[in-house]
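# Descriptive analysis of the structure
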Amino acid sequence: MKRRYLPLLLIPILAVLAYVVLPNAASRADEEPAVAPKNTEGKEVAQATGSPKSTEGSKSVAASAKETASKTYPALLPGMGALEGKVVLVGDPPAPEAFAVSTSNKDHAACVAHVRSERLTLSADKEIRDVVIAISGYKPKTRVKPQKSAVINNDKCSFVPHVLAVTRGTRVQLTNNDPFMHNTHGLLGNEFNLAVMKGVPQRQRLAKPGWTALQCDIHPWMKGHIHVFDHDLFDVSDAAGDFKLVNIPPGEYEIEVWHEKLAFSFDPKTWRKVGKVKIEAGKTARLDFTLPTP
Ligand SMILES: [Cu+2]
């Protein structure tokens with residue numbers, strides 16, 4: 001390789017370092033704790049974006065709760081079992097992380113009221129959103145099919161959902177609700193960089209299994225994650241910390257998890273193991289587990 005191209009090699013290395021190191025380096029803030037408010041019925045809801053005091057923030061919270069409520073799972077097939085459970089933080093929630101929307105950013109005014117760090121989103125009962133739960137080392141007998149639908153929306157300067165898990169080969173649709181441009185930049189596992197305008201969705205095939213980090217280069221605080229699996233026995237916990245895996249062949253399995261802040265791993269082989277389960281045909285096993293506060 002010619003010497004003048006060598007500095008180009010530094011670009012992806014610096015991008016990865018910035019992604020991994022900077023959020024951890026920024027730790028102290030006067031931000032409100034990342035604990036969700038209760039809604040009028042006393043049920044906890046996700047504090048998806050923004051201050052709960054602002055009108056726009058309240059709308060976002062309502063939208064997030066609705067999104068969670070509408071999550072559906074396939075029907076249980078004959079001879080198969082299921083697993084469900086809840087993941088809760090044990091210990092005191094950590095201090096909120098510093099989170100800054102640069103005042104020099106052209107979209108500062110449109111974004112600042114709505115966004116916050118989503119590296120740890122808890123309900124009022126410390127239930128954890130965005131934990132990826134999977135059956136460890138599962139190898140399906142037939143090659144997994146791509147999912148028919150998967151969407152990441154750029155909404156009020158956040159990726160929604162913050163963490164997406166899909167089967168290998170799925171084409172994720174990238175949409176934009178904001179009246180200005182975002183770009184969705186995938187790093188590590190699946191590399192891509194697509195500009196996304198309102199009303200002009202983009203599609204990206206996710207061919208590589210493993211972790212893909214997402215960022216928007218126009219709004220550098222926008223971060224997200226995609227996990228791509230070679231099987232379909234996984235889920236991402238919702239705002240109430242709940243998850244469900246359906247159509248598991250009967251047997252004994254180990255369950256492993258990933259979380260951006262509480263159970264982070266670069267390598268799918270080193271995900272945190274949280275328990276063993278026995279799956280029986282026609283039955284739904286249960287595994288509730290905790291993750292310790294960092
Ligand atoms: Cu953006």
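Below is a summary of the structure that appears in this document. (Residues numbered from 1 in each chain as written. Predicted model: local features only at pLDDT ≥ 70, side-chain atom pairs only at ≥ 80, totals over all residues.)

### Some points on the overall build of the protein chain
On a plain count of helices and strands, the protein chain comes out with 3 helices and 17 strands. Residue burial in the protein chain is summarised as follows: out of 294 residues, 38% are buried. Looking at the protein chain alone, contacts between residues at least 24 apart form 66% of all its contacts between residues at least 6 apart. (Helix = DSSP H or I, 4+ residues; strand = E, 2+ residues; numbered from the N terminus. Buried ≥ 20, exposed ≤ 12 C-beta atoms within 10 Å, placed from the backbone. Contact = placed C-beta atoms within 7 Å.)

### Description of the sheet that holds strand S15 (residues 272–279)
Strand order in this open sheet of 4 strands is S12-S2-S14-S15, and the pairing throughout is antiparallel. Single-partner strands in this sheet number two, and they are strand S12 (234–236) and S15. Mean inter-strand twist for the sheet, computed between neighbouring axes without regard to direction, equals 20°. By the bridge criterion, 4 bridges tie strand S2 (residues 132–135) to strand S14 (residues 251–258) in an arrangement that is antiparallel. Of the residues in S14, the one forming a bridge with Ile-135 is Ile-255. (Pairing = 2+ DSSP bridges. Axes fitted to C-alpha atoms, helices over the stretch in contact; angles between N-to-C directions.)

### Some thoughts on the nonpolar core
Of all hydrophobic cores here, the largest spans 51 residues; its most connected members are Val-132, Ile-133, Ile-135, Leu-164, Val-166, Phe-234 and Val-257. Residue contacts for Ile-133: discarding those within four places in its chain leaves Phe-234, Asp-235, Ser-237, Phe-243, Ile-255 and Val-257. (Core = buried A, V, L, I, M, F, W, Y, C linked by C-beta atoms within 7 Å.)

### Looking at the sheet that holds strand S5 (residues 163–167)
Pairing is mixed in the open sheet, where 5 strands are placed in the order S5-S11-S10-S7-S8. Looking at strand neighbours, the two that pair on one side only are S5 and strand S8 (192–196), the edges of this open sheet. Across the sheet, the axes of successive neighbouring strands diverge by a mean angle of 20°, strand direction being ignored.

### A word on the environment of Glu-256
Along the chain, the position of Glu-256 falls in strand S14. Overall, Glu-256 belongs to the buried group, with 23 C-beta atoms counted inside 10 Å. On a C-alpha basis, the gap between Glu-256 and Val-132 in space is 8.3 Å, while along the polypeptide they are 124 residues apart.

### Notes on unusual backbone geometry
A cis amide bond, omega 0°, links Val-160 with the succeeding residue Pro-161. Examined against the element boundaries, Pro-161 turns out to sit in the loop between strand S4 (158–160) and S5. Positive phi, close to 75°, is recorded for Leu-188, a residue that is not glycine. You can see Leu-188 is positioned in strand S7 (residues 182–188).

### A closer look at the environment of Lys-106
Within the secondary structure layout, Lys-106 lies in the loop between strand S1 (81–90) and helix H3 (108–111). The class of Lys-106 is exposed, set by 11 C-beta atoms lying within 10 Å. In this structure, the C-alpha to C-alpha distance between Lys-106 and His-219, residues 113 residues apart in sequence, is 9.1 Å.

### Description of the pairing of S7
By the bridge criterion, 5 bridges tie S7 to S8 in an arrangement that is antiparallel. Opposite Asn-183, over in S8, you have Ala-195 as the bridge partner. From the end of S7 to the start of S8, which pair antiparallel, there are 3 residues. With 4 bridges connecting them, S7 and strand S10 (residues 210–215) associate as antiparallel partners. Each residue of the ladder has a partner; that of Gly-186, found in S10, is Leu-214.

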